[in-house]
Amino acid sequence: MKTFILYIESAPDEIRVAILILSLALLWNAENLTADYNKWQHARRNALFILTAAPVQFLLGTAFVAAFDWNQQHYYGMLNWFSFKGSLLAEFFTTFILLDFFEYVYHILMHKYRFLWKFHIVHHSDPVVDVSSTLREHPGETCIRLLFTLLWVVICGAAFWAVLIRQFVQIISNVLAHSNLRLPVKVDRIVGWLFITPNLHHVHHHDKQPFSDTNFGDVLSIWDRMFGTFARLDAQQIQFGIDTIACPEELSRFDRLLMIPFKSMESSQTDAGQMVAESKF
Ligand SMILES: [Zn+2]
Ligand SMILES: [Zn+2]
């Protein structure tokens, strides 16, 4: 285990990129069997977000290194409350569960606050959901997400190796969740008890509330069950996208997608206190 951790720590970026490319490629080929839209055109547009995410990830990478160093020197963070008695597995699973819960909280905040939602809406604006949708993230959201993760890492006092292994699991899970391959209903009922499946994440991408405000989980679905945000919806009833974006041209050009957070929006609160954003393009 220690040798594995040393290996992980020495070549993290290469492994992460390799896992992302491999999982995207494998599912991309499987998806082709069922696609009834222009997959290449759709993927090309979403892949452009790699170009805007890369500099943000590069810049914040140094902040992560500083945070891990600081944690190591100061023994700060929630994980120091636990006694793992040298068990790296126990330390990993505790880190995993804490970070997954924080990701759930982060995702809810992205939906509830208008300033954050204006960035997250770019991900939700995809009119079809497939593995390439995993890449569709506004660079503003990439920055916000990484800053949140940085905060969580410091609050948890998480070890570098544990965060990296969690990221590998997270990448595979996120690509799978966006795949247009759905699990058979019976299998989904079992797997969905613990994990966010494609069937469950598709509900989150439904174009209307309250379904777009459900299934916020990242890897685990247990938080949605615990806090009452879990929902199921039949595939035939799911319509991807955002019902408040009336202008389809906004969704077909990369430069216009980047401008979405900076356009004016009107918002109002429903009786349930949920934010309904109406785009005025
Ligand atoms: Zn969302
Ligand atoms: Zn998504």
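Residues numbered from 1 in each chain as written. Chains lettered and ligands numbered in written order. Predicted model: local features only at pLDDT ≥ 70, side-chain atom pairs only at ≥ 80, totals over all residues. Heavy atoms only, no water.

A. Layout of the coordination of the zinc ion (ligand 1). Protein coordination of the zinc ion (ligand 1) is provided by H107 (NE2), H111 (NE2), H120 (NE2), H124 (NE2) and H204 (NE2), with donor distances spanning 2.1 to 2.2 Å. In primary-sequence terms, the residues that donate to the zinc ion (ligand 1) follow H-x3-H-x8-H-x3-H-x79-H. The distance between the zinc ion (ligand 1) and the zinc ion (ligand 2) is 6.0 Å. Taken together, the residues span about one helical turn, with H120 and H124 both in helix α6 (residues 114-124) at a distance of 4 residues. (Donors = N, O, S within 2.8 Å, 3.2 Å for Na, K, Ca; no water. Helix = DSSP H or I, 4+ residues; strand = E, 2+ residues; numbered from the N terminus.)

B. A look at the layout of surface pockets. Here the largest pocket defines a volume of roughly 1500 Å³. Breaking the lining of the largest pocket down by element, the ones donating at least two residues are α2 (12-31), α4 (49-74), α5 (88-112), α6, α7 (139-156) and α8 (160-178). At 12 residues, the largest contribution of residues to the lining of the largest pocket is made by α4. Looking at the lining of the largest pocket residue by residue, the class counts come to 23 nonpolar, 14 polar and 8 charged. Of the pockets and cavities examined, the second largest pocket occupies roughly 350 Å³. Put simply, the parts of the chain that give the lining of the second largest pocket at least two residues each are α4 and α8. Its residues assigned to classes, the lining of the second largest pocket shows 10 nonpolar, 4 polar and 3 charged. (1 Å grid on protein atoms, 1.4 Å probe; cavity = no way out; pocket = protein on both sides within 12 Å on 5 of 7 lines; lining within 4 Å. Points joined across faces, edges and corners; volume = space filled by probe spheres on them. Nonpolar A, V, L, I, M, F, W, Y, C, P; charged D, E, K, R; others polar.)

C. Quick look at the packing of aromatic side chains. Within this structure, the stated rule accounts for 16 aromatic pairs. Aromatic side chains Y104 and F216 sit 6.4 Å apart centroid to centroid with 80° between the ring planes, which places their arrangement in the edge-to-face category. Here Y104 is found in helix α5, whereas its partner F216 is found in the loop between α10 (198-204) and α11 (222-226), with 112 residues between them in sequence. In this structure Y104 comes out as buried when scored by relative accessible area, which is 3%. Ring centres of Y104 and F227 lie 5.9 Å apart, and the angle between their planes is 25°; this geometry places the pair in the stacked category. Of the two residues, Y104 is situated in helix α5 and F227 in the loop between α11 and α12 (249-252); the sequence distance between them amounts to 123 residues. Take F227: its relative accessible area is 47%, and that puts it in the partly exposed class. Put simply, the rings of F101, F102, Y104, Y106, F148, W152, F216, W223 and F227 touch in pairs and so form one group of aromatic residues. The residue whose ring lies beneath R166 is F96, and the NZ or CZ to ring-centre distance is 5.3 Å. (Phe/Tyr/Trp six-rings, centres within 6.5 Å; stacked < 30°, edge-to-face > 60°. Buried < 20%, exposed > 50% of the residue type's maximum accessible area, 1.4 Å probe, protein only. Lys NZ or Arg CZ within 6 Å of the ring centre and 35° of its normal.)

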